[in-house]
Amino acid sequence: MTNQNETPIYDAIQQYIKNRIVSFDVPGHKQGKGHKDLVEAFGTKCISMDLNSSKPLDNLTHPTSSIRRAEDLAAEAFNAGHAFLILNGTTAAVQNMIFYCCRKNDKIILPRNVHKSVINAMVICGAEPVYINPGVNTEFGISLGMSIEDIKKTVRDNPSAKAILVNNPTYYGICSNLKEIVRIAHNAGMLVLVDEAHGTHLYFGDDLPISGMEAGADIAAVSIHKTGGSLTQSSMLLVSDKIDAEDMRQTINLTQTTSGSYLLMASLDIARKNLFLNGKDIFKKVCNLAEYARNEVNKIGGFRAFGNEIINGDTVYAFDKTKLSIHTRAMGLAGIEVYDILRDEFGIQIEFGDIGNILAIISVGDRELEIERLLGALSEIHRRFRKEPMNMLEHEYINPLVIMSPQKAFYSKKRALPIEDSAGHISAELVMAYPPGIPVLAPGERITEEIIDYVRYAKEKGCAMMGTKDETMNNIETVEE
Amino acid sequence: MELWYTENHTEDVKFSIRVNKQIYSAQSEFQRIDIFDSKEFGRFFTLDGLMMLTEKDEFIYHDMIVHVPLATNPDIHNVLVIGAGDGGTVRELTRYETIEKIDMVEIDKMVVDACIKYIPQTASKFNDSRVNLFFEDGLKFVRDKVDAYDLIIVDSTDPFGPGEGLFTKEFYGNCYKALTKSGILVNQHECPYYADYARSMKSAHKRIKELFPITRVYQAHIPTYPSGHWLFGFASKIKDPINDFNAEKWSALGLKTRYYNTDLHKGCFAIPNYVKELLESADSE
């Protein structure tokens, strides 16, 4: 067993600094000597670690020493065949999974509630989506996981598809039956790609849904910075031992920066060590805090914090109990309204609010005191802001009508139309209500009245509409037919 | 040998007391607790190095945080005290026979234990049958209480440690809910002079004012607190601390006090212009 106490990248940086090497390379601030404001702003220690690839520090795109060692330690910690450090966010990790297995016109099976990075990857590589309608919980208006029946049917109907992409878990903490999906996919000769942007902790905590690597998936994008404690934008891509790691590296190197930040890399190193050594205890505490908060929220009245009781054996195969999702409409408030009140009235920032729910992320950094503040504020919102209960919109899920590939639509001749008059046309761009950042329309899909209604409602409730060229979203780019 | 306790009142201002002997030092789950003996101030007690009380001047703080609301409304029966682990506030409250119940919520049991052992001057009435001690977060305790207390006294540390939650809008709002229809909230309100403290004072004032119809600020002179000029917040649903004050009625109780008196009751709400301006500027922020 290798020693997970090590932090090879961080150690190499410290050794480099101790050796007092004179720098005639980049970065030009020369460990802060040339830029006092930077040192003032971020601190000497931080700036002195902002270095460039070199023999003693290794090279991210072709690692042979400390970075290679960090990859090996990470692979061991995550129980993967190989682990890659990704510095352009989990967006890049997700895109690399798709670039690795899809060429132009290759099909990929995926749930509609994918992150926009997946759709953008298809615009770049020309893959064609085969969407599976994730189940919808009509009580809360959230999209769920994929049902096994739908997976089987879609695989049968699309035998040439290269891969199935699975969210593990979704933003709301919902997991599909990943092990069964892996079995079905592998029998059909397809790869399983797992978006674990919200799933780092699944690798370390007890009594949590199964992780991608443990379920036998082929590739997983794991956002260490989200719940694992590394710096923002640092992420990892894991592959099983059935994937040729050096092939994967060639794909990653198409888009990975050649000036990898040593601050980000060292933070991944340190986070991996902490997760391996203390993860079990940390996530036990996180689970306890979340469970406590869920119980207390449900005592306030009006709010409904959902948990394991929504598990249904299929579209909710497992629930990630570290997620504190709270349904708000029985209080007469949209999730986005509660999200805004928490910030503006109480100075509490939560992860997101959508039309019916809010989501608070509980992680490594939380203490009882902050949980009590959130609970105190929710109880005050109940006292001071509650209104007549609102009906849930029929549901938030809108079945996409894919007319052409995202790439073809994105690069087609376009015409801007007022969104109100765009029904029947094909969208040339991505439309999302943010939060929660799940696509309403992807390039290549038919615009319908239902979609226009949804956009109008989301805008009215204060969701920011994103993805369109027109930042006010009064107009939409359509494919000229 | 010279041994001095020093608190930084600001980055550039220090306050020191010559110490005869350190009596106690411990790190609890929440904070560092120290107790010292000194010639000038007698025994004194600090949390995270910040002065909480001295035997010589604690009467000022405890008189003012207790007698002002009780003289405003002599019909107070149920009291909630938050913080106040040294026991001084409870000690003053137990002098009122009209009070039927005193719930005290202190997050740190080690503070109470240390004060019982080493500062009997203040921690003398925890065994009064009306007193119930709860060792938990004040915000948590008050969250599910409705129409339960005639008076809530927030005797907290500064808002940069475990006491942070006790300066928030969610806390004050939950206190409003926990108070009866004639309820009063009194809190230690920091000092107006040094900028860091004044900022805390302003934000506390602004948050309370958005929730309570009647809000006033009153002051006292406390030699061992930063700048020596300390404020208290008075917030209530219907009782005005000056218009509803009945001096004869309070005097008839025959309570002997070293700092508080009925003239001071009216006078302590008269605050300097610069403090008024700070409070007014908080309203418009």
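Residues numbered from 1 in each chain as written. Chains lettered and ligands numbered in written order. Predicted model: local features only at pLDDT ≥ 70, side-chain atom pairs only at ≥ 80, totals over all residues.

### Brief notes about the overall build of chain A
For the record, the criterion: Only DSSP runs of H or I covering at least 4 residues are called helices, and only runs of E covering at least 2 are called strands; the numbering of each starts at the N terminus. Atoms considered for the radius of gyration are the C-alpha atoms alone. The globule rule reads 2.2 Å times the number of residues to the power 0.38. A residue is called partly exposed when the number of other C-beta atoms within 10 Å of its own lies between 12 and 20, exposed at 12 or fewer, and buried at 20 or more, with C-beta atoms placed from the backbone. A residue pair is marked as a contact if its C-beta atoms, positioned from the backbone, fall within 7 Å.
Within chain A, the regular secondary structure consists of 15 helices and 20 strands. By the compact-globule yardstick of 23 Å for 481 residues, chain A fits well, its C-alpha radius of gyration being 23 Å. Across the 481 residues of chain A, 53% fall into the buried class. The long-range fraction of contacts in chain A, counting pairs at least 24 apart against all pairs at least 6 apart in sequence, stands at 70%.

### Some details on the overall build of chain B
On a plain count of helices and strands, chain B comes out with 9 helices and 12 strands. In terms of overall size, chain B behaves like a compact globule, its C-alpha atoms giving a radius of gyration of 18 Å where 285 residues would be expected to give roughly 19 Å. Within chain B, the fraction of its 285 residues that count as buried is 46%. Sequence-distant contacts, at least 24 apart, represent 68% of the contacts inside chain B between residues at least 6 apart.

### Description of the sheet that holds strand 10 (residues 179-188) of chain B
Residue and element names in this part refer to chain B. So the rule is basically this: Two strands qualify as a pair provided DSSP detects at least 2 bridges between them. Geometry is summarised by axes, namely lines fitted to C-alpha atoms with helices restricted to the contacting stretch, and by angles between N-to-C directions that run from 0 to 180 degrees.
Read from one edge of the open sheet, 7 strands run 8-7-6-9-10-12-11, paired in mixed fashion. Each edge of the open sheet carries a strand with a single partner, namely strand 8 (131-134) and strand 11 (214-221). Between one strand and the next, the sheet's axes are offset by a mean angle of 15 degrees, whatever the strand orientation. Alignment of strand 10 against strand 12 (residues 229-236), held across 5 bridges, turns out to be antiparallel. Each residue of the ladder has a partner; that of V186, found in strand 12, is F234. Each of strand 10, strand 11 and strand 12 is contacted by helix 6 (residues 195-209), which is oriented at about 10 degrees to strand 12, the strand it contacts most.

### Topic: the domain arrangement of chain A
Residue and element names in this part refer to chain A. Put simply, the test is: Where a domain begins and ends is set by an automatic assignment or by a domain database. Classification used: nonpolar for Ala, Val, Leu, Ile, Met, Phe, Trp, Tyr, Cys and Pro, charged for Asp, Glu, Lys and Arg, polar for all others including Gly.
Domains assigned within chain A are domain 1 (8-276), domain 2 (280-385) and domain 3 (406-479). Distance between the C-alpha centres of domain 1 and domain 2: 27 Å. Residues that form the side of domain 1 that touches domain 2 fall into these classes: 13 nonpolar, 12 polar and 1 charged.

### Observations regarding the interface of chain B and chain A
Residue-level contacts link 14 residues of chain B with 13 residues of chain A. Mapped by element, the contributors of at least two residues to the side of chain B that touches chain A are helix 4 (138-143) and helix 5 (169-178) of chain B. Residues of the side of chain B that touches chain A, tallied by class, amount to 3 nonpolar, 4 polar and 7 charged.

### What about the sheet that holds strand 5 (residues 50-54) of chain B?
Residue and element names in this part refer to chain B. Within the open sheet, the 5 strands sit side by side as 1-2-3-4-5. Their pairing is antiparallel. Both outer strands of the open sheet, strand 1 (4-10) and strand 5, are each paired with one neighbouring strand and no more. Across the sheet, the mean angle from the axis of one strand to that of its neighbour is 45 degrees, orientation sign disregarded. By the bridge criterion, 7 bridges tie strand 2 (residues 13-27) to strand 3 (residues 32-38) in an arrangement that is antiparallel. For Q22, the partnering residue across the bridge sits in strand 3 and is F36.

### Overview of the pairing of strand 10 of chain B
All names here are of chain B. Definition in use: Throughout, right-handed denotes a crossover for which the path from the first strand over the helix to the second runs clockwise when the strands point away from the viewer.
In terms of residue burial, strand 10 counts as a mostly covered element, since 7 of its 10 residues are buried. Relative to strand 10, strand 9 (residues 149-155) is paired through 5 bridges, and the arrangement is parallel. Note on strand 10: the bridge partner recorded for V154 is N187. A crossover connection joins strand 9 to the parallel strand 10 through helix 5; in handedness this β-α-β unit is right-handed.

### A short note on helix 1 (residues 58-72) of chain B
The criterion, for reference: One less than the residue count of a helix, multiplied by 1.5 Å, gives the span that helix is expected to have.
Taking 1.5 Å as the rise per residue, helix 1 of chain B with 15 residues should run 21 Å; its terminal C-alpha atoms sit 22 Å apart, in good agreement. Most of helix 1 of chain B sits inside the fold, with 14 of its 15 residues counted as buried.

### As for unusual backbone geometry
Residue and element names in this part refer to chain A. For the peptide bond that leads from V26 to P27, omega is -5 degrees, which places it in the cis range. With respect to the secondary-structure elements, P27 resides in the loop between helix 1 (8-18) and helix 2 (36-42). For the peptide bond that leads from N168 to P169, omega is -5 degrees, which places it in the cis range. Mapping P169 onto the fold places it in the loop between strand 6 (163-167) and strand 7 (174-175).

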